[in-house]
Amino acid sequence: NTSPEGATMGEEPPRKRARGAGGDDGLTVAACARCGALEARLQQLQQALCAAQQHTAGSSDCTAASVPLATVSPSFGPNHEYTIQSLPPELLLRVFLELAPADRVTVQYVCHKWKDVGRNPVLWRALKVFEDFQLAMVAKAGYLENLNHVSLYLVSDLSLHLLAKMRLRLITLQIFGDKISDKSMQELADSCCADLHELSIITTGKAVTDAGISCFAPACRNLRKLTLRCENVSHAAVTLLLASAPIRHLDLRSPLLNDSSVMHLSRFCTELKHLDLDCNEEMTDVTLQHLGRCCSSFRSLRLENSSFFTADGILRLVELSPNLTQLSLSRYFPVPFDNFSEFADVCKNLLSLSLEIEDEIPLQIIANACSRLTQLELQCNGYIKDDQVRHLPGVMQLRVLHLDESDITDEGVRFITSSCTELQDLSLYGCKGISDTSLLYIATGSVPHLRKLDLNACKHITSFGTTFLQERCPYIAELWTQGNSPQRHDAAM
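Residues numbered from 1 in each chain as written. Predicted model: local features only at pLDDT ≥ 70, side-chain atom pairs only at ≥ 80, totals over all residues. Heavy atoms only, no water.

Q: Outline the packing of aromatic side chains, supporting the account with residue identities and numerical values.
A: In total, this model carries four aromatic pairs according to the counting rule given. Ring geometry for Phe-130 against Tyr-153: centres 4.7 Å apart, planes inclined by 15°, an arrangement best described as stacked. Here the residue Phe-130 occupies a position in the loop between β1 (126-129) and α6 (132-141), and Tyr-153 occupies one in strand β2 (residues 149-153), the gap between them amounting to 23 residues. Pairing Tyr-153 with Phe-176 gives two aromatic rings, centres 4.6 Å apart and planes at 5°, and the pair type is stacked. Of the two residues, Tyr-153 is situated in strand β2 and Phe-176 in strand β3 (residues 172-176); the sequence distance between them amounts to 23 residues. (Phe/Tyr/Trp six-rings, centres within 6.5 Å; stacked < 30°, edge-to-face > 60°. Helix = DSSP H or I, 4+ residues; strand = E, 2+ residues; numbered from the N terminus.)

Q: With reference to specific residues and values, describe the nonpolar core.
A: Ranked by size, the top nonpolar core spans 130 residues in total, and within it Leu-173, Met-185, Phe-216, Leu-327 and Ile-408 carry the most contacts. Among the elements that make up this core, the one with the highest residue count is helix α3 (residues 89-96) (five residues). (Core = buried A, V, L, I, M, F, W, Y, C linked by side-chain atoms within 4.5 Å. Buried < 20%, exposed > 50% of the residue type's maximum accessible area, 1.4 Å probe, protein only.)

Q: I'd like a rundown of the side chain of Ser-438, residues and numbers included.
A: Assignment of secondary structure puts Ser-438 in helix α18 (residues 436-444). A relative accessible area of 1% means that Ser-438 is categorised as buried. Every residue in contact with Ser-438, bar those within four places of it in the chain, is listed here: Asp-410 and Val-413. (Contact = heavy atoms within 4.5 Å.)

Q: How would you sum up the packing of α6 against helix α7 (residues 157-166)? Please name residues and give values.
A: For the pair α6 and α7, the least separation of the axes is 8 Å and the interaxial angle reads 25°. Here α7 runs roughly parallel to α6, going by the angle between their axes. For α6 against α7, the interelement crossing comes out left-handed. Contact residues: α6 offers Asp-132, Leu-135, Ala-136 and Ala-139, while α7 offers Leu-158, Ser-159, Leu-162 and Leu-163. Its residues assigned to classes, the contact of α6 with α7 shows six nonpolar, one polar and one charged. (Axes fitted to C-alpha atoms, helices over the stretch in contact; angles between N-to-C directions. Parallel < 35°, antiparallel > 145°, perpendicular 65-115°, else oblique. Left-handed = near helix turned anticlockwise from the far one by under 90°. Nonpolar A, V, L, I, M, F, W, Y, C, P; charged D, E, K, R; others polar.)

Q: Explain the environment of Gly-412 residue by residue, including any values.
A: Positionally, Gly-412 belongs in helix α17 (residues 410-419). Residue classification places Gly-412 among the buried positions, given a relative accessible area of 3%. In this structure, the C-alpha to C-alpha distance between Gly-412 and Val-389, residues 23 residues apart in sequence, is 6.5 Å. Sequence-distant contacts of Gly-412, defined by excluding residues within four places in its chain, comprise Asp-386 and Val-389.

Q: Any chance you could break down the pairing of β3 for me, citing the residues and the numbers?
A: Taken residue by residue, a regular strand's side chains alternate between the two faces of the sheet. Buried residues dominate β3, accounting for four of its five residues. Across five bridges, the pairing between β2 and β3 is parallel. Residue pairing for β3: Tyr-153 is matched across the bridge by Phe-176. Following the chain from β2 across α7 to the adjacent parallel β3, one finds a crossover that is right-handed. Of the pairings in the sheet, the one linking β3 to strand β4 (residues 198-202) comprises five bridges and is parallel in character. Bridged to Gln-174 within β4 is Ser-200. Between the parallel elements β3 and β4, the chain passes through helix α8 (residues 182-192) in a crossover that is right-handed. (Pairing = 2+ DSSP bridges. Right-handed = clockwise from strand over helix to strand, strands pointing away.)

Printed below as a string of structure tokens:
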């Protein structure tokens, strides 16, 4: 995060100073000192390029690097000495994309080369803004004209008023926070949302009401995806949006929803393909009946807090959704069923299944009935053990497997890595029975496509084991360990 001393908004970048040693672009020692964060990033990219060349040299799979090295510079290689001056514009652009919007403006004051890269339109088509001053800084520099995708976090009405004043043609608008009002939402809807395809409004307070949401209905005729997670919004405002736009994806949470309101909503959801519904205690199986009768075109269904429903209600909803391929039931799936095989039978066309369980579940029935599964996510709470994992070969094409907080051991991991050969994402979060031996099985197993591995809260995994795994498996792009952030392997970057 760079901030050149004495530079204020609206000023032109300083003129080129006298050339120093290695200052091909007028980049002085003082300017370099102001870019410590980017120097560290440069070193990471240097290691990434070297590792990527070594990895791709012996393999025809080029998915590990998003930009082919040959297109960057023919002189770059493992023995090349990297400096800021020699870094090509393509990689500088990738570094700048990691910066906050205000910092993308600031780095242009370092040198003319960075100024040219900083003006690339790619940097200014999508922004994530975390404070009002960041958006004001970008607007003053004149980079908002081409903005199409914006995410606003914890901002106030000032940012919404600024966007409305610019009269942009937004395609994606995401608003997170509780400092906005209905009035600013109406200004924004009237001026910038004629071409809007995706709208997300997530607030924790009660400042946004039905009036602020319903104002988007006459303006957003092309809306495809709607996310509303508001404390003070009823079904009336949602109904207006559903009736005025061809919405295909709906993510909805409101404590004001109940069986009656869902019944009214379902009448306008006949074309809905994806539904993410946060349920509450005011909802019963009647809600599922209304959804099943009116929304038979579901392809993806996620019910959070599904413990408010019965097994029969969920079973009936799945039966009425013949096109359903993705099903997620969180916050304690109501098992056991009287006849779990009946549930597995109606789910035989599923490609993705996510369950949170608080009792033993017959994994063998799922593996045999749902043979098309490519993604299986289980929040196990200690109810999945090694003997049940042995039934997974019935689902040989699994790409994603999550066994969070299960009781499997190293032997279970060995069986998974030798049987599920197509795995790309494996989560063993909170599995207390695995150790570094599991990492040995992963490194020597048959999972060459593995790109993501979550080992968080696995107490017996050591830094020695993770280092060994990274050295043996450079194709793992994202490795989560005891920390809160993933260790991204440089070769994949």
